[in-house]
Structures are given as C-alpha cells and as structure tokens.
Amino acid sequence: MVKFDNMAFEKSIQLSPNSLNLFLECPHCFWLDKKMGIKRPPPYPYALNSAVDSLLKEEFDAYRAKNIPHPLLAENNIKARLFSNQKLLNQWRNNFAGIRYFDPQLEATIFGAVDDVLEFEGGKLAPLDYKSTGSRVANIYDRFQLQLDTYTFLLEKNGFQTTRKGYLAFYIVDKEKGFIDRLPFRKEIYEIDTNPADIYEIFKDAVAVLRQQAPRPHSQDCQFSKWFNGAKSFNS
C-alpha cells in the first residue's frame, strides 16, 4: 500500500487552468490525478500544434522588439500593443514558472503559462492565446473561456489592471489552397469577455476536494469512468 504524506501534499498544491478544467469535468479524475498521480490515458501528442505555437511566439516577439503592431491586431482594428516587458513575459510563458498567485487562506497556488499579453490605453492588460487547428472553423470551447478567465484573474492578483477581455488568435489550416511545401493558414482573432470572479470559487472548491481523504464519485458523463473501472477490475 502506497503511503501518502498529506501534509506535504497540502503545502504543495499548485493548480493550472487545465487542472481546474479537469476538476469541472470530473472531480474523481481530478482527485486521482492531482493527489495520487493516477492520470487519464494521455491524448495523441499534438506536436504540430506545439511547433506552430513556438513559431508564433517568435513571430510576435519580433514585432514586439521593433515596437510595431502585429498585422493580426491592425487588420482587426484592435487598438492594443504587444506587452513590452519581454523578460516578464518570458517568465509568464514558462510552464514551470508562469504567472502565479499563492492564496494564504487556501495555502495553495494557482498559476498559468500565457502565450502573450496585449496592452491597452491606460496600461490595462488582456491575455492573448494562440490556437492552431485543422478544422474548417474556429471552435471556441468552454476550456478556452476558463483559460482566459484564469489568466485575467492572475493578472489582477499580480497587481495589473485588465480590460476584462481575452483574445483567441486562431490559425486555421486553409485546405482549399493546397499544400505546395507550405501549410497555409487562415488567421482569425476573437474577443472574449472574461469573468475572473468565478475562478476563485472554482479554485477553492478544487483545493477542498484535494484535501479529502477519498475521491468524489465520477461525474455521470465522465467518459473515463468505464475505462477506470475496467482497469481496476482487471488488476484486482
């Protein structure tokens, strides 16, 4: 039987937007993942998406260094500039650092790794997230909303004013143009209203679940419950 140091765990609770999304999907899977290290089967690795994400960061940083508007912002009449503090942005982008907030009452940390940040008049900030897809249209999922809400929450907790908006920059594979040794993309950007007020309650509830000695039942619509129960019975 594996012994678990609950006190040590409680002091090290760190939750990201992906963690909060898992909690909302199924508290049982969330508890197993974050407390016991029992994870859902991983999805197919999206190496191409990661490569596009890395190239976009380089592209946006090149415009940032020249202090000129990125064409995607100019073409869509978004009156903002790219966040000018490259050193701080690099920290916020780092998956092992990110932008974070430790809550002394919960004794837990919430953090996220942003793709980019826009700066508006008066110094107000808004998160910008890159999305690449092979679908014909840009699909805005609930988890994207949660992600932008969390980034807005973190920016405000770190002392920055925000516009209470977030932006999704979609790079959609344009299949009509063919391949021709290059993968053509159609670019679209969407403005999303953000509500950071919800994030603290989700964060608090998720931390409370992790401090329980046993998990809650699987959510009714959890697609992994049958897989988990089957694996458990196979190993018993």
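Everything here concerns the structure above.
A few points on the structure.

Conventions adopted
Residues numbered from 1 in each chain as written. Predicted model: local features only at pLDDT ≥ 70, side-chain atom pairs only at ≥ 80, totals over all residues. Heavy atoms only, no water. Salt bridge = Lys/Arg side-chain N within 4 Å of Asp/Glu carboxyl O. Helix = DSSP H or I, 4+ residues; strand = E, 2+ residues; numbered from the N terminus. Buried < 20%, exposed > 50% of the residue type's maximum accessible area, 1.4 Å probe, protein only. Pairing = 2+ DSSP bridges. Core = buried A, V, L, I, M, F, W, Y, C linked by side-chain atoms within 4.5 Å. Contact = heavy atoms within 4.5 Å. Axes fitted to C-alpha atoms, helices over the stretch in contact; angles between N-to-C directions. Arc of directions from axis to C-beta. Parallel < 35°, antiparallel > 145°, perpendicular 65-115°, else oblique. Left-handed = near helix turned anticlockwise from the far one by under 90°. Nonpolar A, V, L, I, M, F, W, Y, C, P; charged D, E, K, R; others polar. Disulfide = S-S within 2.5 Å.

### Concerning the pattern of salt bridges
Counted by the stated rule, this structure contains 15 salt bridges. Its salt-bridge partner being R40, residue E25 comes within 2.7 Å of it at the nearest N-O pair. On the criterion of sequence distance, the pair formed by E25 in helix α2 (residues 17-25) and R40 in the loop between α3 (27-36) and α4 (47-66) is long-range, its members being 15 residues apart. Judged by relative accessible area, E25 falls into the partly exposed class, the value being 38%. Ionic pairing is found between R186 and E188, a salt bridge with its closest N-O pair at 3.2 Å.

### Here's the deal with the sheet that holds strand β3 (residues 99-103)
If you walk across this open sheet you meet the 3 strands as β1-β4-β3, and the pairing is mixed. If you trace the sheet from one side to the other, it starts and ends with β1 (14-15) and β3, each paired once. In terms of strand pairing, β1 meets strand β4 (residues 108-112) through 2 bridges, oriented parallel. Among the inter-strand pairings, L15 is bridged to a residue of β4, identified as I110.

### Remarks on unusual backbone geometry
The phi torsion at N77 lies on the positive side, around 55 degrees, for a residue other than glycine. Positionally, N77 belongs in the loop between α5 (71-75) and β2 (81-82). Since its relative accessible area comes to 55%, N77 is described here as exposed.

### Thoughts on the nonpolar core
The tendency in soluble globular proteins is for nonpolar side chains to be buried side by side. One finds L15, L20, F30, W92, I110 and F203 to be the most contacted residues of the largest nonpolar core, which totals 43 residues. Here the element with the most residues in this core is helix α8 (residues 197-210); it accounts for 8 residues. Ignoring anything within four residues of it in the chain, the contact list for W92 reads F83, G98, I99, G112, A113, V114, V117, L125, L155 and F160. L72, I78, A80 and A126 belong to the second-largest nonpolar core, a separate cluster that totals 17 residues.

### With respect to the pairing of β3
The alternating pattern of β3 places I99, Y101 and D103 on a buried face, while none of R100 and F102, on the opposite face, is buried. Note that β3 and β4 share 5 bridges and pair antiparallel. What sits directly across from R100, in β4, is F111.

### Describing the sheet that holds β2
The strand order β2-β5-β6-β7-β8 describes an open sheet built from 5 strands, whose pairing is mixed. Because the sheet does not close on itself, it has two edges, and the strands there are β2 and β8 (185-193). Pairing analysis gives 6 bridges linking strand β6 (residues 125-133) to strand β7 (residues 165-173), with the strands arranged parallel. Within β7, the residue paired with T133 across the bridge is I172. Lying over the sheet, α4 contacts β2, β5 (116-119), β6, β7 and β8, oriented at roughly 140 degrees with respect to β6. Where helix α6 (residues 86-93) meets the sheet, its contacts fall on β5 and β6, and the angle it forms with β5 comes to roughly 140 degrees.

### As for α6
By the burial criterion, the buried members of α6 are L89, W92 and R93. Along the long axis of α6, the arc covered by the buried residues comes to 100 degrees, so they all point the same way. Of the surrounding secondary structure, the elements contacted by the buried residues of α6 are α4, β3, β4, β5, β6 and α7 (142-157).

### Examining the packing of α3 against α8
Helix-helix packing is characterised by the crossing angle of the two axes and by the distance between the axes. Between α3 and α8, the shortest axis-to-axis distance is 9 Å and the interhelical angle comes to 65 degrees. Judged on the interaxial angle alone, α8 and α3 are roughly perpendicular. For the element pair α3 and α8, the recorded crossing hand is right-handed. Here α3 contributes P27, F30, W31, K34 and K35 to the contact with α8, which in turn contributes A206, V209 and L210. Grouping the amino acids of the contact of α3 with α8 by side-chain chemistry returns 6 nonpolar, no polar and 2 charged.

### Regarding the state of the cysteines
Going through the model one piece at a time under the given rule, you end up with 0 disulfides. Its sulfur unpaired, C26 is 3.7 Å from the next cysteine sulfur, which belongs to C29. We classify C26 as buried; its relative accessible area is 0%. In this structure C222 is not part of a disulfide, and its nearest cysteine sulfur, from C29, lies 3.6 Å away. Note on C222: relative accessible area 7%, which makes it buried.

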